[in-house]
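Overview (structure and organization)
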Amino acid sequence: MASSFLTLKGVSVHLGGSRLLDELDWTIHRGEQWALTGPSGSGKTVLAHTLLGTHFYTGTITTATRRIGIVEQQHRFRNRPGSTELYYQQRFNASDADQTITVAQELADAGWDGADAPWLDTLHVRPLLDKPLIQLSNGENKRTQLAIAMLQEPELLILDNPFLGLDAEGRATLHNIINDLVARKIQFLLITSVHEIPDSITHIAQLDAGKWVFQGAKAGFRPSQDIATTTLDPAILGRLRQEALDNAGPDFQLAVKMVNTTIRYGNATILDNINWEVRKGQCWNVSGPNGAGKSTLLSLITADNPQAYANEIWLFDRRRGTGESIWDIKKRIGFVSPELHLYFDSGATTHDVVASGLFDTVGLFRVLNEEQETLVQSWMRLLSLWDLRSRRLIQLSTGQQRMVLLARALIKNPPMLILDEPGQGLDDEQMARFRSLITTLVEAFATTLIYVSHYRHELPGCIDHFLRLEKGAIVDG
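Residues numbered from 1 in each chain as written. Predicted model: local features only at pLDDT ≥ 70, side-chain atom pairs only at ≥ 80, totals over all residues. Heavy atoms only, no water.

Observations regarding helix α7 (residues 234-246)
Given a rise of 1.5 Å per residue, 13 residues ought to cover 18 Å, and the 18 Å separating the end C-alpha atoms of α7 matches this to within 8%. Those residues of α7 not exposed but buried are Ile236, Leu237, Leu240 and Ala244. On an axial view of α7, the arc spanned by its buried residues comes to 100°, and they lie on one face. In α7, the exposed residues that point more than 90 degrees away from the buried face are Pro234, Arg239 and Asp246. You can read the cap of α7 off the contacts: a side-chain oxygen lies 2.9 Å from the backbone nitrogen of alanine 235, and it is on aspartate 233. (Helix = DSSP H or I, 4+ residues; strand = E, 2+ residues; numbered from the N terminus. Expected span 1.5 Å × (residues − 1). Buried < 20%, exposed > 50% of the residue type's maximum accessible area, 1.4 Å probe, protein only. Arc of directions from axis to C-beta. Polar contact = N/O pair within 3.5 Å; in protein donor to acceptor, adjacent residues only side chain to side chain.)

Below is the structure:
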């Protein structure tokens, strides 16, 4: 029988007055490859960081090694030494992007001596060495972080939702990389969806509310098919809808119009001759592989990209560069992205994050008046966030963070809502509820919607128009 590699007995973790892991027993033997799955907020990431020694726990953890590495869900980019902190718009500013270090510099800081090595090709990192970190696609970023982790020569490597945000090609590449590393005797603990389990995984453990639901061989695992539905309080929804009607801004016919729009950084063409119209009330899906130009396209709409002024771009029937301010644009757009929460102060509460949407700031820097406070409370109650109002954003599960950022985007009653990969990190039940919620809200408020997702099954029912980008150009399909 294989020897024990990692053993938990009666392990519990309490954070913020809540029990997040509840008397867990678990044994991993040498050679076993485990996937850890379960609903968002079930305790998977807490368990991973407990194994790393981040959280205080009761019970016992016995391990044959202390060489445990992790590749996190999100990675915070670093600037060159001595330069300013990164800000959200920096990736779209060519000169500011140069302030970030390259992949080769990041690897050198992690211990790479620059020598040729098989992992450069195994992880598909060699072509990235001279590329600034901030310009990496999601798939490139994930492979870079995996290379950094491998440089530490871990005996157990934890990957926390590594497939999030990857297109079909990126997911397939990462599946192959994991299978190849397993063949090279690397032992994995993979936190993932039940729909993204590589062939090399031998065992599955499933958590729910900090307790085990299943432990055992992969062949014996049967995922649940039960999907709950959700409803919104009609009284609160009605009040918010009436307030939106009472405070509606100037009318418009075209939310977005781009004419022969081209974006270049140096010799690289990011968007190539884009012609696109989004009419009032339309609901669009924007899709395309990682690196296709989707984020740059959105940045031209959200007033985060200075190259908008060099192109013919119209927002709400007004051409960019004709006297409007960035804030004039932002107050009419609600925006959610999968990394937006990283730019908030670690001490920000959910209440303050939602309230910051009133002012389009990443943080709350002023006192709310009575009317504004009532509005914050209404949106938090409508989206079932009120009980989380005093919790810090970083303490919430991914699904809860998405709902907080959605409330922040909606609180100013924007005529246009832009959701960039909002399904990242949501489990099946949360995704079903989220799709239904978006359709309900868009129909109730007659909102124009731009919804970015790689996956057709994630799209809300209101989507009726489609734009696909490949290599910066619009393609059919």
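Quick look at the sheet that holds strand β4 (residues 58-63)
Spatially, 3 strands are ordered β2-β1-β4 in an open sheet, and the strand pairing comes out antiparallel. Each edge of the open sheet is held by one strand with a lone partner, namely β2 (18-29) and β4. For this sheet, the mean angle separating the axes of adjacent strands, direction not counted, is 15°. (Pairing = 2+ DSSP bridges. Axes fitted to C-alpha atoms, helices over the stretch in contact; angles between N-to-C directions.)

Some details on the packing of helix α5 (residues 138-151) against helix α6 (residues 168-183)
For the pair α5 and α6, interaxial distance at closest approach is 11 Å and the crossing angle is 15°. Comparing their axes, α6 and α5 come out roughly parallel. As α5 runs across α6, the sense of the crossing is right-handed. From α5, Lys142, Arg143, Leu146 and Met150 reach across to α6, where they touch Thr173, Leu174, Ile177 and Leu181. Class assignment of the residues belonging to the contact of α5 with α6 gives a composition of 5 nonpolar, 1 polar and 2 charged. (Parallel < 35°, antiparallel > 145°, perpendicular 65-115°, else oblique. Left-handed = near helix turned anticlockwise from the far one by under 90°. Contact = heavy atoms within 4.5 Å. Nonpolar A, V, L, I, M, F, W, Y, C, P; charged D, E, K, R; others polar.)

Points about helix α8 (residues 294-301)
Residue pairs spaced three or four apart in an α-helix point in one direction, given the helix's 3.6 residues per turn. Counting buried positions along α8 yields 7 of 8 residues, so the element is predominantly enclosed. Lys294, Thr296, Leu297, Leu298, Ser299, Leu300 and Ile301 are the residues of α8 that are buried. Alanine 303, located one to two residues past α8, shows a positive phi value of around 70°.

Considerations on empty space enclosed by the protein
Applying the stated criterion across every chain, the model contains 2 cavities of 30 Å³ or more. Its boundaries defined by the atoms lining it, the second largest cavity holds a volume of some 30 Å³. As for the second largest cavity, its lining consists of Gly139, Lys142, Arg143, Leu166, Gly170, Thr173 and Leu174. Those elements that provide at least two residues to the lining of the second largest cavity are α5 and α6. (1 Å grid on protein atoms, 1.4 Å probe; cavity = no way out; pocket = protein on both sides within 12 Å on 5 of 7 lines; lining within 4 Å. Points joined across faces, edges and corners; volume = space filled by probe spheres on them.)

Here's the deal with unusual backbone geometry
Of note in this structure, alanine 303 is not a glycine but carries a positive phi near 70°. Structurally, alanine 303 can be placed in the loop between α8 and β13 (312-315). Its identity is not glycine, yet serine 384 carries a phi of approximately 60°, on the positive side. Structurally, the position occupied by serine 384 is in the loop between α11 (370-382) and α12 (398-410).

Read these as geometric descriptors, not functional statements.
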